[in-house]
Amino acid sequence: MIHSIGVVRGGMTRAALHRANLLSDYYEEIGLVTFDFNPDYAEEIRKLEEIGLWNKKMKHYNVYEFLMGKQVQGEALSHQSPEEEEYVIQKSNKHPELYHCFQNGKLVKNKIYENNQLRYVDLFDDRKKLKKRLLFDRKGQVRKETFYDGETQTVTKERFLT
């Protein structure tokens with residue numbers, strides 16, 4: 001059991017991965033259990049395979065995903081690309097993968113992409129205050145909703161989706 005796995009992690013994580021690799025010579029399956037929220041573990045494991053720190057006998061189990069999957073199984077939200085929606089789209093001058101979406105002259109949302117994949121959608125109220133942020137995984141599914149207080153802009157609620 002380790003907190004998280006990834007290419008850029010600390011020495012304890014790398015030692016656990018090396019140990020699992022060694023044990024895979026003697027066992028049919030080596031399970032690594034993590035207990036953090038990370039919607040992109042499949043991509044992390046793919047990168048670990050590329051650099052030889054992960055092999056096919058190693059299996060990843062995330063406690064958070066396991067428990068949440070039982071509670072909200074099948075719940076998913078999807079969002080179209082900015083070009084498909086009925087908004088006036090303005091590309092940001094400051095960030096090459098940020099798009100401002102306007103409706104009737106008012107900022108309604110921002111869409112933030114990373115490597116041409118939708119990563120976040122920020123939704124705003126009539127006063128241009130952030131009211132909600134959606135975090136997307138690499139498959140385009142909403143994995144986390146964060147709600148904000150209209151006055152203080154502090155987080156009031158987080159909802160994790162699987």
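Above: the structure in question.
The sections below set out a description of the structure shown in this document. Treat the numbers as computed from the prediction; the structure is a model and nothing was measured.

Rules of the game
- Residues numbered from 1 in each chain as written.
- Predicted model: local features only at pLDDT ≥ 70, side-chain atom pairs only at ≥ 80, totals over all residues.
- Heavy atoms only, no water.
- Phe/Tyr/Trp six-rings, centres within 6.5 Å; stacked < 30°, edge-to-face > 60°.
- Helix = DSSP H or I, 4+ residues; strand = E, 2+ residues; numbered from the N terminus.
- Buried < 20%, exposed > 50% of the residue type's maximum accessible area, 1.4 Å probe, protein only.
- Core = buried A, V, L, I, M, F, W, Y, C linked by side-chain atoms within 4.5 Å.
- Contact = heavy atoms within 4.5 Å.
- Polar contact = N/O pair within 3.5 Å; in protein donor to acceptor, adjacent residues only side chain to side chain.

1. A few points about the packing of aromatic side chains
Following the criterion strictly, the structure yields one aromatic pair and no others. Geometrically, the ring pair formed by Tyr99 and Tyr113 is edge-to-face, given 5.6 Å between the ring centres and 85° between the ring planes. Of this pair, Tyr99 sits in strand 4 (residues 98-103) while Tyr113 sits in strand 5 (residues 106-114), placing them 14 residues apart in sequence. Here the two residues Tyr99 and Tyr113 agree in accessibility, since each one is buried.

2. Quick word on the nonpolar core
Ranked by internal contacts, the top residues of the largest apolar core, which has 13 residues, are Ile5, Leu17, Ala20, Leu32, Leu48, Trp54 and Met58. Non-local contacts of Ile5, meaning those with residues more than four positions away in its chain, are made with Thr13, Leu17, Thr34, Tyr41, Glu44, Ile45, Trp54 and His60. Residues Tyr99, Tyr113, Leu118 and Phe136 belong to the second largest nonpolar core, which totals nine residues.

3. Regarding unusual backbone geometry
Unusually for a residue other than glycine, Asn115 sits at a positive phi of about 55°. Looking at the element boundaries, Asn115 is found in the loop between strand 5 and strand 6 (117-124).

4. A look at the side chain of Glu145
Mapped onto the elements of the fold, Glu145 is located in strand 8 (residues 142-148). Reaching out from Glu145, the side chain makes a polar contact with the side chain of Lys132 at a distance of 3.2 Å. Here Arg159 takes part through its side chain, which lies 2.7 Å from a polar atom of the side chain of Glu145.

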